[in-house]
Amino acid sequence: MTATGNRDEPGNARARIVMALLAGLVGCDVDLEQPTPVEVPPSASGAHRPIVVVTIDTLRADHLGAYGYVRETSPNLDALAREAVLFDQAYSTAGTTLPAHVSLFTSLYPLQTGITSNGPAVAASGARVARLLQEELKMLGYDTGGFVSAAPVKARSGLDAAMDVWAEPARGVPQRPGSETTDLALAWLADRDGAPFYLWVHYFDPHSPHEAPEGYGELFASSDGLAEFQRDRGFPADRSPELTALNDAYDGEIRYADAELARLIDALRKGGWYEEATIIVASDHGEGLGQHGRLEHGRVYQEILRVPLIIKFPGRFELNGTRYADPVSLIDVVPTLVETLGLDVGSRFVTQFEGTNVFGSSARGRQLYAQRTFRSRPKAWGPGKKFVLFDGRWKLHDSTHVDNELYDLLVDPHELTNVIEEHPEVGDRMHTKLAELLGRFNEPGLRLNSGSDDIPDGFLDELRALGYIR
Ligand SMILES: [Zn+2]
């Protein structure tokens with residue numbers, strides 16, 4: 001385990017921002033007011049209120065029991081969902097690991113953060129305006145720990161900012177099994193001394209290459225029940241054995257990750273934290289598995305963007321145990337936590353939010369945004385740019401390199417029939433709105449990007465091993 005120490009002492013925050021302004025690194029007015037570090041009050045039971053984020057990489061919502069899947073891939077996640085708020089229509093902001101995670105932790109879209117692929121990195125805290133959730137919690141007195149499983153979110157990404165303890169696969173090792181990450185997280189939990197804590201655990205097992213871990217390969221080695229599921233999603237009637245085998249292995253990987261989630265939840269229960277903890281389980285994106293002609297991720301169809309999102313709030317929060325039907329985005333998670341938990345974060349952090357508290361009135365009837373992965377140097381990640389705007393019904397794909405597409409998700413939830421010719425007025429209206437958003441998102445004020453596309457030696461090899469570069 002690598003202990004990084006606390007590199008984000010609250011007392012230095014104002015000095016850092018002043019330095020950033022003097023250095024011309026920020027391009028907009030900045031509120032210099034910073035939160036005073038405070039003790040998070042103990043709950044009635046005497047326990048503090050931990051916040052635990054679990055991201056299970058590459059996890060499609062529709063392959064989970066809680067979201068109606070035909071196979072029992074997720075008994076432990078399903079059990080947690082029954083005690084939590086389950087978001088039926090939760091969407092990522094991009095089909096790639098790092099941009100989606102940065103959106104989750106900042107409440108900003110990828111064009112706003114400047115992190116649009118796995119290549120860039122979040123700049124050092126003194127060289128940017130926008131902040132990550134863990135940086136705010138650190139200033140509120142939380143102990144912070146990050147335990148990740150794969151290359152795109154290693155410390156070079158900048159996501160280790162303000163983490164007291166950080167653990168990742170060794171240099172040159174692109175990913176590791178969830179059991180190793182859980183072991184390290186549990187050891188850190190065992191050392192907690194009563195201070196409130198923020199824990200992020202990242203699992204990577206459902207990511208390609210799709211090979212179920214030992215003991216999980218045979219669990220789903222048949223196509224039982226899958227025919228209707230795949231037919232609904234546009235697979236040809238003579239589904240290839242290769243695609244079915246890929247699906248079986250993917251489901252085995254999910255079941256394995258679900259067992260690791262169970263170990264984590266069990267430790268929270270045994271440590272006496274579960275009841276008062278806020279536990280968020282989400283994914284950064286899904287996986288193609290053959291839909292729309294693609295096996296992996298990066299694009300913006302539903303099988304990529306629709307992710308699980310489950311939030312168990314503390315204690316007897318009245319909405320635990322309910323389902324939330326309207327579309328929400330990963331950028332809504334932090335604003336929802338801040339308002340629902342009453343976190344005394346800085347006013348500047350709140351004003352950076354692009355997302356909203358999903359329990360507030362402003363969450364209704366919104367249009368949400370996401371985008372395809374791209375880099376400023378396009379050759380590494382394929383051609384062109386593609387943006388999507390969507391609500392509970394319509395979804396516009398706006399592309400720089402192929403014809404635009406429009407889908408009516410109410411009647412075509414898997415995006416099989418492009419209806420842009422039938423509904424030109426809807427496409428035009430959404431295109432105009434999207435153009436407005438892109439203009440605003442391209443303003444540089446909140447960027448976290450370190451400004452360099454230079455990729456360190458060895459990192460390209462790790463990305464290549466994970467299938468990002470061919
Ligand atoms: Zn990912």
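Structure: see above.
What counts, and at which threshold
Residues numbered from 1 in each chain as written. Predicted model: local features only at pLDDT ≥ 70, side-chain atom pairs only at ≥ 80, totals over all residues. Heavy atoms only, no water. Helix = DSSP H or I, 4+ residues; strand = E, 2+ residues; numbered from the N terminus. Expected span 1.5 Å × (residues − 1). Buried < 20%, exposed > 50% of the residue type's maximum accessible area, 1.4 Å probe, protein only. Arc of directions from axis to C-beta. Contact = heavy atoms within 4.5 Å. Core = buried A, V, L, I, M, F, W, Y, C linked by side-chain atoms within 4.5 Å. Axes fitted to C-alpha atoms, helices over the stretch in contact; angles between N-to-C directions. Parallel < 35°, antiparallel > 145°, perpendicular 65-115°, else oblique. Nonpolar A, V, L, I, M, F, W, Y, C, P; charged D, E, K, R; others polar. Donors = N, O, S within 2.8 Å, 3.2 Å for Na, K, Ca; no water. Tetrahedral: all angles 85-135°; square planar, octahedral: opposite > 155°, others 65-115°. Pairing = 2+ DSSP bridges.

Things to note about helix 12 (residues 424-441)
Note: α-helices contain 3.6 residues per turn, so residues at a spacing of three or four share the same orientation.
Part 1 of the reasoning: In a regular helix each residue adds 1.5 Å, so 18 residues correspond to 26 Å; helix 12 covers 25 Å between its end C-alpha atoms and thus fits that length.
Part 2 of the reasoning: All of the buried residues along helix 12 are Val426, Gly427, Met430, Leu434, Leu437, Leu438 and Phe441. Seen end-on, helix 12 carries its buried residues on one side only, within an arc spanning 100°. Seen from the buried face of helix 12, the exposed residues on the opposite side, beyond 90 degrees, are Asp428, Arg429 and Glu436.
Part 3 of the reasoning: Elements that come into contact with the buried residues of helix 12 comprise helix 4 (110-113), strand 11 (368-371), strand 12 (386-390), strand 13 (394-399) and strand 14 (405-408).

Quick notes on the nonpolar core
Part 1 of the reasoning: Core analysis: the largest hydrophobic core is formed by 47 residues, its most contacted members being Phe87, Leu159, Tyr198, Trp200 and Leu309.
Part 2 of the reasoning: At five residues, helix 3 (residues 97-106) tops the list of elements feeding residues into this core.
Part 3 of the reasoning: Setting aside its immediate chain neighbours within four residues, Trp200 contacts Val53, Thr55, His101, Phe105, Gly145, Gly146, Phe147, Val148, Val153, Leu159, Met163 and Trp166.
Part 4 of the reasoning: Residues Leu64, Leu86, Leu199 and Trp273 belong to the second largest nonpolar core, which totals 39 residues.

Description of the packing of helix 6 (residues 178-190) against helix 8 (residues 241-270)
The geometry of a pair of packed helices is captured by two quantities: the angle between their axes and the separation between those axes.
Part 1 of the reasoning: Direction vectors running N to C along helix 6 and helix 8 enclose 5°, while the axes themselves pass 10 Å from each other. Considering their axes alone, helix 6 and helix 8 lie roughly parallel with respect to each other. Residue-level contacts link Gly178, Ser179, Thr182, Asp183, Ala185, Leu186 and Leu189 of helix 6 to Tyr256, Glu260, Arg263, Leu264, Ala267 and Leu268 of helix 8.
Part 2 of the reasoning: Partitioned by chemical class, the residues of the contact of helix 6 with helix 8 number seven nonpolar, three polar and three charged.

Section: the packing of helix 2 (residues 75-82) against helix 8
Part 1 of the reasoning: Contact geometry for helix 2 and helix 8: axes closest at 7 Å, N-to-C directions at 50°. Here helix 2 is positioned oblique relative to helix 8, judged by the angle of their axes. Packed against helix 2, whose contacting residues are Pro75, Asn76, Leu77 and Leu80, the element helix 8 presents Arg255, Asp258, Ala259, Leu261, Ala262 and Ile265 at the interface.
Part 2 of the reasoning: Residues of the contact of helix 2 with helix 8, tallied by class, amount to seven nonpolar, one polar and two charged.

Brief notes about the coordination of the zinc ion
Part 1 of the reasoning: Coordination of the zinc ion by the protein involves Asp57 (OD), Thr97 (OG1), Asp284 (OD) and His285 (NE2), with metal-donor separations of 2.0 to 2.1 Å.
Part 2 of the reasoning: Geometry at the zinc ion is tetrahedral, judged from its four donor atoms and the angles of 100 to 124° they form at the metal.
Part 3 of the reasoning: All donor residues of the zinc ion come from one chain, and their arrangement in sequence is D-x39-T-x186-D-H. Residue Thr97 is found in helix 3, and its partner His285 is found in the loop between strand 7 (278-282) and helix 9 (302-305); the two are separated by 188 residues along the sequence.
Part 4 of the reasoning: Overall, the relative accessible area of 0% leaves His285 in the buried class.

Topic: the pairing of strand 14
Part 1 of the reasoning: Neither face of strand 14 is open: one carries Glu405 and Tyr407, the other Leu406 and Asp408, and all of them are buried.
Part 2 of the reasoning: Here strand 13 runs beside strand 14; their pairing, made up of four bridges, is antiparallel. Looking at strand 14, one finds that Lys395 is bridged to Tyr407.
Part 3 of the reasoning: The hairpin turn running from strand 13 into strand 14, its antiparallel successor, is five residues long.

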